[in-house]
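Tertiary structure, described
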Amino acid sequence: VQLQASGGGLVQAGGSLRLSCTATGQSFSTYSMAWFRQAPGKEREFVSAMKRYNSNPFYADSILGRFTMSRDNAKNSVYLQMNNLKTEDTAVYYCAADRQVINSSIRRSVSYDYWGQGTQVTVSS
């Protein structure tokens, strides 16, 4: 599967952005999907994930209540609605996919074999 992330940009603190990740290939619904982010000089960190078949999302504590992940299997896409953005949300955001992800490993980047190219999100104060 190939992943294409989009929707990043420059926004003021308190603003919103919606990221999209579209997959090409078959059987999108059989993939668990995730969003990670990486800020300059920092390690890639987990943001959110959804198991296949539209299960309830998992979220990182740092974005809980502000970000919402959803997926549309008919459109081979996942989305990340980001509200009340903070300057510390500035990062490159990546979508990731894998067919074999168990709940205990869903927050680990090594659990995902397929990655998009990333989209830059910059939040200004």
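What comes next is a walk through the structure.

1. A short note on the environment of A39
Checked against the element boundaries, A39 lands in the loop between β4 (32-38) and β5 (45-50). Separated by 63 residues in the primary sequence, A39 and I102 have C-alpha atoms spaced 26 Å apart. Leave out the neighbours within four places in its chain, and A39 touches T90 and A91.

2. Description of the pairing of β5
Most of β5 is tucked away, with five of its six residues classed as buried. Here β4 pairs with β5 via five bridges, running antiparallel. Among the inter-strand pairings, W35 is bridged to a residue of β5, identified as S48. Linking β4 to β5, which pair antiparallel, is a turn of six residues; within it G41 sits at a positive phi near 80 degrees.

3. Focus on the pairing of strand β9 (residues 91-98)
Taking burial as the measure, the eight residues of β9 include seven buried ones, the bulk of the element. Alignment of β4 against β9, held across seven bridges, turns out to be antiparallel. For R37, the partnering residue across the bridge sits in β9 and is Y93. Note that β9 and strand β11 (residues 119-124) share three bridges and pair antiparallel.

4. With respect to the pattern of salt bridges
Side-chain pairing between opposite charges can occur once the charged atoms of the two side chains come close. Counted under the stated rule, the structure contains three salt bridges. Here D89 and R66 are joined by a salt bridge, their closest N and O atoms 2.7 Å apart. Residue D89 is found in the loop between β8 (77-82) and β9, and its partner R66 is found in the loop between β6 (58-59) and β7 (67-72); the two are separated by 23 residues along the sequence. R66 shares its class with D89; the two are buried. Each of the salt bridges in this network shares a partner with another, and the network as a whole consists of R37, E45, R66 and D89.

Rules and cut-offs
- Residues numbered from 1 in each chain as written.
- Predicted model: local features only at pLDDT ≥ 70, side-chain atom pairs only at ≥ 80, totals over all residues.
- Heavy atoms only, no water.
- Helix = DSSP H or I, 4+ residues; strand = E, 2+ residues; numbered from the N terminus.
- Contact = heavy atoms within 4.5 Å.
- Buried < 20%, exposed > 50% of the residue type's maximum accessible area, 1.4 Å probe, protein only.
- Pairing = 2+ DSSP bridges.
- Salt bridge = Lys/Arg side-chain N within 4 Å of Asp/Glu carboxyl O.

These figures capture arrangement, not role.
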